[in-house]
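One letter stands for each residue in the lines below.
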Amino acid sequence: MAYEIPTPKYLRVLNALRQRIEDGVYGPGAALPSESQLCTEFGVSRPTVLKALGILKQDGWIESQQGKGSFVRGRPPSGRTSPEYARDVLELDETAEVEILHVGPVLASPRIAAELGIAEGTPVYERRRRTVSASGPVDLVATFVPVDIAVGTAVIKPEPIPGGLLDHIGRIKGLRADYATERMTARRVGPDEAEALEVPADEPVLSVVLTLHQASGEPILTSVLVMPGSRHEIEDTYPVS
């Protein structure tokens, strides 16, 4: 059975509206369709539309006027701030205190296939590396890139990529990562992970799956970050509205 991760309905609405703003369909100052019109167009409920509009407003794409509707502000200069552990993966800088463990084609597992929207067993390029410090390995990251994106880039070369993998793909392939989806789980470390991280076989880890998408929703790559529980504490600060 295929491992499928359905796209949340609100995310379909959000991506479509954001793409239209970027394409100029809705220019700065333009009114978005009403909530009822969006519900009809996308076949979703009002709470789903409100969630999508709320995120667009929070990220600075639109503003709401009481009794009048939602209006376009344009593309914000910067989006929501990602947590530090996510930035370390998203920037994919492979030149600072990292060891490249494997670079080459592998067959997509059910989870990776679902994240990249491809069939299970489809070849993808894997870049697996670990961050190291004076006290030992800090984390383990495996990044999976579709073949059509990897070919013609340094993704397929077993060496660090100056400036980072994401920046390199953007320059060579002209692909911009517009947003990321994140799924975090707590579990026991796997045998291969325990060896690479030099931790006990019963070590609890945080596993974060980050998939980078274009504004259209098409995935660019997926990274799996594994952090030993005994070596990490996640802290964040954010406004409460």
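Check the entry above for the structure.
Here the structure is a predicted model, which means the values were calculated and not measured.

## Things to note about the overall build of the protein
If you tally the helices and strands in the protein, you get eight helices and eight strands. Buried residues in the protein amount to 42% of all 241 residues. Contacts spanning at least 24 positions in sequence make up 59% of the contacts within the protein whose residues lie at least 6 apart.

## Some words on the packing of helix H1 (residues 9–23) against helix H2 (residues 35–42)
The angle between the axes and the distance between the axes are what describe a pair of packed helices. The N-to-C vectors of H1 and H2 enclose an angle of 110°; their axes lie 11 Å apart at closest approach. Comparing the axis directions of H1 and H2 gives the class roughly perpendicular. Classified by chirality, the crossing of H2 by H1 is right-handed. In this structure, H1 contributes Arg12, Val13, Ala16, Leu17 and Arg20 to the contact, and H2 contributes Leu38, Glu41 and Phe42. Here the residues of the contact of H1 with H2 are counted per class, giving five nonpolar, no polar and three charged.

## Observations concerning the packing of aromatic side chains
Throughout the structure, instances matching the rule amount to zero aromatic pairs. One Lys or Arg, Lys51, reaches over the ring of Tyr10 and ends 4.1 Å from the middle of that ring.

## Looking at the pattern of salt bridges
The full count for this structure, using the stated rule, is 11 salt bridges. A salt bridge links Arg129 to Asp139; the shortest N-O distance between them is 4.0 Å. Of this pair, Arg129 sits in strand E4 (residues 123–133) while Asp139 sits in strand E5 (residues 136–146), and the two are 10 residues apart along the sequence. Judged on exposure class, the residue Arg129 and its partner Asp139 are both buried. Shared partners join several salt bridges into a network, and the residues in it are Glu99, Arg130 and Glu198.

## A closer look at the sheet that holds E4
Pairing is antiparallel in the open sheet, where six strands are placed in the order E3-E4-E5-E8-E7-E6. What marks the edges here is a single partner per strand, and that holds for strand E3 (98–107) and strand E6 (179–188). Geometrically, the sheet is characterised by an average inter-axis angle of 15° between neighbouring strands, direction not taken into account. On top of the sheet, helix H7 (residues 165–173) reaches E4, E5, strand E7 (204–213) and strand E8 (219–228); it is set at about 175° to E8, its chief contact.

## A word on the packing of H1 against helix H3 (residues 46–58)
For the pair H1 and H3, interaxial distance at closest approach is 8 Å and the crossing angle is 50°. Between H1 and H3, the angle is such that the two are oblique. Viewed along their axes, H1 and H3 form a crossing whose handedness is right-handed. Taking contact as the criterion, the partners of Lys9, Tyr10, Val13, Leu14, Leu17 and Arg18 in H1 are, on H3, Thr48, Lys51, Ala52, Leu53, Ile55 and Leu56. Among the residues forming the contact of H1 with H3, the class breakdown is eight nonpolar, one polar and three charged.

## Quick notes on H2
Helical periodicity: at 3.6 residues per turn, an α-helix aligns residues three or four positions apart in one direction. Of the positions making up H2, those classed as buried are Leu38, Cys39 and Phe42. Along H2, the residues classed as buried sweep out an arc of 105° about the axis, all on the same side. Looking at the buried side of H2, the elements it contacts are H1 and H3. Positioned one or two residues after H2, Gly43 has a phi angle of 65°, which is positive.

Conventions and cut-offs
Residues numbered from 1 in each chain as written. Predicted model: local features only at pLDDT ≥ 70, side-chain atom pairs only at ≥ 80, totals over all residues. Heavy atoms only, no water. Helix = DSSP H or I, 4+ residues; strand = E, 2+ residues; numbered from the N terminus. Buried < 20%, exposed > 50% of the residue type's maximum accessible area, 1.4 Å probe, protein only. Contact = heavy atoms within 4.5 Å. Axes fitted to C-alpha atoms, helices over the stretch in contact; angles between N-to-C directions. Parallel < 35°, antiparallel > 145°, perpendicular 65-115°, else oblique. Left-handed = near helix turned anticlockwise from the far one by under 90°. Nonpolar A, V, L, I, M, F, W, Y, C, P; charged D, E, K, R; others polar. Phe/Tyr/Trp six-rings, centres within 6.5 Å; stacked < 30°, edge-to-face > 60°. Lys NZ or Arg CZ within 6 Å of the ring centre and 35° of its normal. Salt bridge = Lys/Arg side-chain N within 4 Å of Asp/Glu carboxyl O. Pairing = 2+ DSSP bridges. Arc of directions from axis to C-beta.

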